[in-house]
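Summary of the model geometry
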Amino acid sequence: MRRFSFIFCLLLLLGLSSCEDFLKQTSQNLVTPTTVSEYKDLLQGEGYFQEFSTHARFINFMTDDMEYINYPGSSPSTSSYINMYQNVYCWSQEIENDNFKDEWYGYLYSQVLAGNICLEYLDEVLGSDAEKKVLRGQASFQRAYAYFLLVNTYGEPYDATKLGEKCIPLTLTATPVTERYERATLGEIWAQIKSDIAVAVECLRDYSAASNFEINYDAALLLAQRVALYMNDYQLATTYGDMLLKRRHDLWNISELGPMLTCSKQSNDGPSVTGQTEGFINRSTNCEILWNFGTDDAVYKSIYNVLGMSETELFRVTNYYPADLSHDGSLMSCYESETNLLPSTAVDNRKYYYLMPCRNKYVEDKHWTPISITVKMYLKTLYNWSCTPCVIKYESLTNTLDQAFRTAEVYLNQAEAYARRDNPDTSKALELLNTLRRHRIKGYTDLVSSDFTSTDELVAFIFDERRRELCFDEVHRWFDLRRQGCPELTHYWQGGVRFVLHEGDEGYTLAIPAEERSFDASIPNPRPSRTAE
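Attention in this report is confined to the structure presented alongside it. Small disclaimer: the values here were computed from a predicted structure and weren't measured. (Residues numbered from 1 in each chain as written. Predicted model: local features only at pLDDT ≥ 70, side-chain atom pairs only at ≥ 80, totals over all residues. Heavy atoms only, no water.)

1. Comments concerning helix α3 (residues 36-46)
Of all eleven residues that make up α3, ten are buried, and the element is covered over most of its length. Buried within α3 we find Val 36, Glu 38, Tyr 39, Lys 40, Asp 41, Leu 42, Leu 43, Gln 44, Gly 45 and Glu 46. Directly beyond the C-terminal end of α3, a positive phi value near 65° is found at Tyr 48. (Buried < 20%, exposed > 50% of the residue type's maximum accessible area, 1.4 Å probe, protein only. Helix = DSSP H or I, 4+ residues; strand = E, 2+ residues; numbered from the N terminus.)

What follows is the structure, encoded as structure tokens:
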């Protein structure tokens, strides 16, 4: 594939008056795009959210799925991520520090630009009308998804009563300007997202993508359904969802499979690993992947694992133990029978396919001696194995990227939309939930309406199910917390102090990065200063 990897930075460095000026230049190292095919190469080379995980991973540290822990040990050591993500984890007014810079904002605007370039020059390039229609659809999807991520990170949660509030800049052109970009309103950003994704759905309707690496019609339908759900347009969400489920309804049935990886006790009192080694996000085995994107960088795939493998002070997936930091809202506990409305004999296999649970309860004087283990995955040397849950959701082998749009989300979006409509259809919502859960839980018993005292209770359960199913996919958990009214969260920190993100807290909206604000004093930082409580 041809790559136009330095177009964007040269545009800025050279200060050219427009993309057209740049694209007209020739160089032995530059292919000047003149055809639809070449612009598709540009979009795939500079867009497609290839560095999604690299720039977005910090967001997960603000949720209730990650926690700080300091294990006792004879050789204390601190994970480098402690200093990197301290401000993020404690919801500080400024999340950046000497060890971490928020590059997510700038990266997403580079993804907007990739779409804008294709859309701006589409009518001038060589190609058939059918080819141009596909490029328009893919570029519109690219821009819609970039703005969707931007507004849900740096804008206030969607609220029909606050659509006039200033939000983030909105640019629909590839032509650089010398004046600053004014911030658009929340309503303008969401209207543009809705418009772009509608164009994508229409333009990609008859296109058969070469693979699920390519932006395609099914992915566009899912994003359209998601956008409608976030905008509380539940009728539209179910319309898009019905269209998609008629085409793609498959789910990977892991309910009867053995654990992906299982810890077992050895005679030397150390851990061993058995079981399958391919990650759940695996396009060669997982029939529910609609669009596979992101990175194949093993660093990200193990980012939530290595944080517990060699250090005693670290971040980890929220767990039940140790007792002095236990809380019912941990990610690991939400798979258990009591919180998952399951009989005691049922087993939610997602706990073993998405996460590596602790082998047993944490005991203060217990500390595993590290031993070497050869595993086909990225886990090579394990420390503190009995007390450090970690993420094993991502495929570590080749030919699979780490993020995916999946049909599982379609079922969850659809269930929520049916439950939250003006005239709720709880039977349909339960049917969708049960279909998904039968493919995940061994010994499953269907949910029935009498399991819930109200529709609100059912909706709350659907959000819990989203947490179980979509953990560490994209940044769903943070966005879902915002959609649930920004509930109160507590993070414990060094010395046992705690930081609280209060209900409705403005800390649920990230400030536009300080470097951007330094060029425009009119951009506020909405986040309050925060101290330990």
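Additional details are given in the paragraphs that follow.
2. Looking at the nonpolar core
Ranked by internal contacts, the top residues of the largest apolar core, which has 138 residues, are Phe 49, Trp 104, Phe 141, Tyr 145, Trp 291, Phe 315 and Phe 405. At 13 residues, the largest contribution of residues to this core is made by helix α7 (residues 129-154). Counting residues in each nonpolar core, the second largest holds five residues, with Ala 228, Leu 229, Tyr 234 and Ala 237 among its members. (Core = buried A, V, L, I, M, F, W, Y, C linked by side-chain atoms within 4.5 Å.)

3. Brief notes about helix α18 (residues 476-483)
Side chains three or four residues apart in an α-helix point the same way, a direct result of the helix having 3.6 residues per turn. Extensive coverage of α18 is indicated by the burial of eight of its eight residues. His 476, Arg 477, Trp 478, Phe 479, Asp 480, Leu 481, Arg 482 and Arg 483 are the residues of α18 that are buried. Turning to α18, the residues buried within the fold contact α7, α9 (217-230), α15 (407-420), α17 (455-470), β15 (489-492) and β16 (498-501). Following α18 by one or two positions, Gly 485 adopts a phi angle in the positive range, close to 90°. (Contact = heavy atoms within 4.5 Å.)

4. Brief notes about the packing of α7 against helix α8 (residues 186-204)
Where α7 meets α8, the closest approach of the two axes is 8 Å, and the angle between their N-to-C directions is 150°. In terms of axis orientation, α7 runs roughly antiparallel to α8. Taken as a pair, α7 and α8 cross one another with a handedness that is left-handed. For the contact of α7 with α8, a count of residues per class yields 15 nonpolar, five polar and five charged. (Axes fitted to C-alpha atoms, helices over the stretch in contact; angles between N-to-C directions. Parallel < 35°, antiparallel > 145°, perpendicular 65-115°, else oblique. Left-handed = near helix turned anticlockwise from the far one by under 90°. Nonpolar A, V, L, I, M, F, W, Y, C, P; charged D, E, K, R; others polar.)

5. Quick notes on the pairing of strand β13 (residues 403-406)
Taken residue by residue, a regular strand's side chains alternate between the two faces of the sheet. Neither face of β13 is left uncovered, since the one carrying Gln 403 and Phe 405 and the one carrying Ala 404 and Arg 406 both have all their residues buried. Where strand β6 (residues 289-293) meets β13, four bridges bridge the pair, whose relative direction is antiparallel. The residue of β13 that forms the bridge with Trp 291 is Phe 405. (Pairing = 2+ DSSP bridges.)

6. A few points about the packing of aromatic side chains
Within the structure shown, the criterion is met by 36 aromatic pairs. With a centroid separation of 6.5 Å and an interplanar angle of 35°, the aromatic rings of Trp 190 and Tyr 230 are classed as tilted. In this pair, Trp 190 is assigned in helix α8 and Tyr 230 in helix α9, connecting sequence segments 40 residues apart. Judged by its relative accessible area of 1%, Trp 190 falls in the buried class. Residue classification places Tyr 230 among the buried residues on the basis of a relative accessible area of 4%. Measuring from ring centre to ring centre gives 5.5 Å for Phe 452 and Phe 461, while their planes differ by 65°; the resulting arrangement is edge-to-face. Under the relative-accessibility criterion, Phe 452 is labelled buried at 11%. A network of ring pairs unites the aromatic residues Tyr 48, Phe 49, Phe 52, Trp 104, Phe 141, Tyr 145, Trp 291, Phe 293 and Phe 405 as a single cluster. Across the ring face of Tyr 230, the terminal group of Arg 483 is positioned such that the distance to the ring centre comes to 4.7 Å. (Phe/Tyr/Trp six-rings, centres within 6.5 Å; stacked < 30°, edge-to-face > 60°. Lys NZ or Arg CZ within 6 Å of the ring centre and 35° of its normal.)

7. Observations regarding the packing of α7 against α9
At a minimum axis distance of 11 Å, the contact between α7 and α9 shows a crossing angle of 35°. The crossing of α7 and α9 is left-handed. Contacts between α7 and α9 involve Phe 141, Ala 144, Tyr 145, Phe 148 and Asn 152 from the first element and Ala 219, Ala 220, Leu 223, Arg 226, Val 227 and Tyr 230 from the second. When its residues are assigned to classes, the contact of α7 with α9 shows nine nonpolar, one polar and one charged.

8. Considerations on the pattern of salt bridges
Going through the model one piece at a time under the given rule, you end up with 34 salt bridges. Residue Glu 288 pairs with Arg 406 through a salt bridge whose shortest N-O separation is 2.6 Å. You can see Glu 288 sitting in the loop between β5 (271-274) and β6 and its partner Arg 406 sitting in strand β13, a full 118 residues away along the chain. What makes Glu 288 buried here is its relative accessible area of 0%. When salt bridges that share partners are traced, they join Glu 288, Asp 348, Arg 350, Arg 406, Arg 437, Arg 440, Glu 465, Arg 468, Glu 469 and Asp 473 into one network. (Salt bridge = Lys/Arg side-chain N within 4 Å of Asp/Glu carboxyl O.)

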